[in-house]
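# Report on the structure
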Amino acid sequence: MNLELMPPLMFGGLVVFLLVGFPVAFSLAAVGLFFGFLSIELGFFTTAYLGNLPLRIFGIMSNDLLLSIPFFTLMGAILERCGLAEDLLEGTGQLFGKIPGGLAYAVILVGAVLGAITGTVAASVIAMGMISLPIMMRYGYDMRIATGVIAASGTITQVIPPSLVLIILGDQLGRSVGDMYAGAIGPSILQILLFLGFIAGVSIFAPNKVPPLPDEALTQRGWSLIWRVARGMVPSIVLIFLVLGTIFLGLATPTEAGAMGAVGAIVLAIINRRFSWRLLYQAMESTMRITAMVIFILVGSTVFSLVFQGVDGGLWIEHLLSHIPAGQTGFLIFVNVFIFFLAFFLDFFEIAFIVIPLLAPVAAKLGIDLVWFGVLLCVNMQTSFMHPPFGFALFYLRGIAPKEVRSSDIYWGAIPWVFLQLILVAVVIFWPQSVTYWIQKGPGVDPASVRIEVPMPDMGADEDAPPTF
């Protein structure tokens, strides 16, 4: 066996483990260790090379950036249970209920707000599905439009900061979380506008599918309605600034902002009179499970990537991808098609830990901005929540939808929204300024214009005197 065969064999072995259904974290570690010991026996690298593994694992455990994951997860878990979504949806639904598609507009806007303060798809989909879906069914909304808008609005969470996906992508790409969050602002706005535009089109060409609410359903009007919406929105906006504003202004690191966000979520729960020790315990339990899963996958991927790089796997990937026609654009199109189909079988954590470290060096060599690359892949990976067989947003909606809602309506209803998400992928590929425009850049200095002049000392002066510069 020669060295050139090792990278494809490792990749094939990992695929076999995943198809069998073995847990991803342990599949990565098992394949990595097996091929690591095999490479030592075959003389591809020495035992000392694997000695780097404890250092890399210790580096993961001591990474302050990853500490932001449990903080943001705890914040989302608390807000998921404190009734904030109910208040926002009911007030906003009343506000837009008079116009065709008003409930759908409300779901999209509230989904964006919830995404900015919770960071979890489950919280958004479950809350909006339990409140909005029965109302939409009662007043004659098309079933596929209703289920599709609820599921799609929940997936906005993956792109809108403080998304956990952006934190992990920033860590894997070696870019700051602040830049990743800033770069995601443009695509987030475009995503919301695309969704709103789709509902506007439906309300114009097929208004019977998204009828307005009848007068008897509009129980609040005037200042009482405005006060109700403001009471739900203002604390949310304050929390969003507390979390994101402090990062963008450089006042706090992502970890510190996450800690403030967790405290802010507890305060919001107290304000809404929903706080209890049981709520806090459940939120902490959910946080513990998600954090443990992420760390185990990250440790397993570290074992795999160390051995994969040791057998020149990086060069194998670079050779495969660097010769794709059309340069940067061809590479980006190929990678996004690959990620789209890979998301049918892997979730975003697994893709981020397994695939991104292999693609990033090739992207950097092609001169692609890694923040742009990371945000683009984040936009792509949100489709994994919307298509079978592992569309978690569809599973969440199926779990809380009434029995009369058919599963076929949920799946067919998701298709237009997947196309809208793919349209956004194409926009970000061909319009990189949608990402890079929002990233703060330092003052531009042309290196060719820099001149360093060092005055020579006067040779006639006292040689013992220090030179002047």
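Residues numbered from 1 in each chain as written. Predicted model: local features only at pLDDT ≥ 70, side-chain atom pairs only at ≥ 80, totals over all residues. Heavy atoms only, no water.

### Topic: the overall build of the protein
- Scanning the protein from terminus to terminus reveals 23 helices and 0 strands.
- Per-residue burial over the protein gives 51% buried out of 469 residues.
- Within the protein, counting contacts between residues at least 6 apart in sequence, those at least 24 apart form 79% of the total.
- Put simply, the protein shows about 21,800 Å² of open surface, and 69% of that area lies on carbon and sulfur atoms. (Helix = DSSP H or I, 4+ residues; strand = E, 2+ residues; numbered from the N terminus. Buried < 20%, exposed > 50% of the residue type's maximum accessible area, 1.4 Å probe, protein only. Contact = heavy atoms within 4.5 Å. Areas by Shrake-Rupley, 256 points an atom, 1.4 Å probe, with all protein chains shown as cover.)

### Focus on helix H10 (residues 164–173)
- Of all 10 residues making up H10, 9 are buried, and the element is well covered by its neighbours.
- Within the sequence span of H10, burial applies to Leu 164, Val 165, Leu 166, Ile 167, Ile 168, Leu 169, Gly 170, Gln 172 and Leu 173.
- Where H10 is buried, its residues meet helix H5 (68–81), helix H11 (177–183), helix H15 (277–310), helix H18 (348–354), helix H19 (356–365) and helix H20 (370–381).

### Some points on the nonpolar core
- If you look at the biggest cluster of nonpolar residues, it comprises 147 residues, and the most contacted ones within it are Val 149, Phe 331 and Phe 373.
- If one sorts the elements of this core by residue count, H15 sits on top with 12 residues.
- Those residues in contact with Val 149 that sit more than four places away from it in its chain are Ala 104, Val 107, Ile 108, Met 136, Ile 199 and Trp 417. (Core = buried A, V, L, I, M, F, W, Y, C linked by side-chain atoms within 4.5 Å.)

### Considerations on the pattern of salt bridges
- Counted by the stated rule, this structure contains 3 salt bridges.
- Here Arg 289 makes a salt bridge to Glu 285, at a shortest N to O gap of 3.5 Å. With Arg 289 and Glu 285 both in helix H15, this residue pair falls 4 residues apart, about one helical turn.
- According to the relative accessible area criterion, Glu 285 is partly exposed, its value standing at 30%.
- For Arg 406, the salt bridge identified is with Asp 409, shortest N-O distance 3.4 Å.
- A relative accessible area of 52% places Arg 406 in the exposed class.
- Owing to a relative accessible area of 7%, Asp 409 belongs among the buried residues under this scheme.
- It is possible to trace a salt-bridge network through shared partners that takes in Arg 144, Arg 406 and Asp 409. (Salt bridge = Lys/Arg side-chain N within 4 Å of Asp/Glu carboxyl O.)

### Some thoughts on the confidence of the model for the protein
- When the pLDDT values of the protein are averaged, the result is 81; 88% of them are 70 or greater.
- Least confident of the elements in the protein is helix H6 (residues 84–96), whose mean pLDDT is 71; most confident is helix H12 (residues 185–205), at 92. (pLDDT = per-residue confidence, 0-100.)

### Brief notes about the packing of helix H1 (residues 6–20) against H15
- H15 packs onto H1 with a crossing angle of 155° between their chain directions and a minimal axis gap of 9 Å. The orientation of H1 with respect to H15, classified from their angle, is roughly antiparallel. For the pair H1 and H15, the sense of crossing is right-handed. Within the contact between the two elements, H1 uses Pro 7, Met 10 and Leu 14 and H15 uses Phe 304, Val 307 and Phe 308.
- Looking at the contact of H1 with H15, its residues break down into 6 nonpolar, no polar and no charged. (Axes fitted to C-alpha atoms, helices over the stretch in contact; angles between N-to-C directions. Parallel < 35°, antiparallel > 145°, perpendicular 65-115°, else oblique. Left-handed = near helix turned anticlockwise from the far one by under 90°. Nonpolar A, V, L, I, M, F, W, Y, C, P; charged D, E, K, R; others polar.)

### Details of the side chain of Ser 188
- Mapped onto the fold, Ser 188 is located in helix H12.
- Beyond its immediate stretch of four places on either side in the chain, Ser 188 contacts Val 159, Ile 160 and Pro 161.

### Focus on the packing of aromatic side chains
- All chains considered together, the criterion is met by 11 aromatic pairs.
- Here Phe 304 and Phe 308 contribute two aromatic rings whose centre-to-centre distance is 5.6 Å and whose plane-to-plane angle is 15°, an arrangement assigned as stacked. Of the two residues, Phe 304 and Phe 308 both sit in helix H15, 4 residues apart, roughly one turn of that helix.
- Residue Phe 304 is classed as buried on the basis of its relative accessible area of 3%.
- A centroid spacing of 6.1 Å and a plane angle of 25° characterise the contact between Phe 331 and Phe 373, whose relative ring orientation is stacked. (Phe/Tyr/Trp six-rings, centres within 6.5 Å; stacked < 30°, edge-to-face > 60°.)

### With respect to the environment of Leu 133
- You can see Leu 133 is positioned in helix H8 (residues 121–138).
- Take Leu 133: its relative accessible area is 0%, and that puts it in the buried class.
- When the C-alpha positions of Leu 133 and Ile 400 are compared, they lie 9.5 Å apart, and in sequence the two are 267 residues distant.
- With near-sequence residues (within four places) excluded, Leu 133 lies in contact with Met 128, Ala 146, Thr 147, Ile 150, Leu 397, Ala 401, Pro 402 and Val 405.

### Quick word on a nonpolar patch on the surface
- Together, Phe 17, Phe 22, Phe 26 and Phe 296 make up an exposed nonpolar region whose accessible area comes to about 400 Å².
- Tracing the chain through its elements places Phe 17 in helix H1. (Patch = residues over 30% accessible without salt bridge, like charges linked within 9 Å, V, L, I, M, F, W, Y side chains within 5 Å.)

### Quick notes on the environment of Thr 302
- On the secondary structure map, Thr 302 appears in helix H15.
- Assessed through its relative accessible area of 8%, Thr 302 is described here as buried.
- Separated by 245 residues in the primary sequence, Thr 302 and Ile 57 place their C-alpha atoms 7.4 Å from one another.
- Leaving out residues up to four positions away in the same chain, Thr 302 has contacts with Leu 53, Arg 56 and Ile 60.

### What to know about the environment of Asp 179
- By the element assignment, Asp 179 lies in helix H11.
- When its relative accessible area of 26% is taken as the criterion, Asp 179 is described as partly exposed.
- When the C-alpha atoms of Asp 179 and Val 371 are compared, they prove to be 6.9 Å apart, with 192 residues separating the residues in sequence.
- Dropping the residues within four chain positions of it, Asp 179 is found in contact with Val 371 and Ile 439.

### Quick word on unusual backbone geometry
- At Asp 312, a residue that is not glycine, the phi angle is positive and equals roughly 65°.
- Within the secondary structure, Asp 312 sits in the loop between H15 and helix H16 (313–321).

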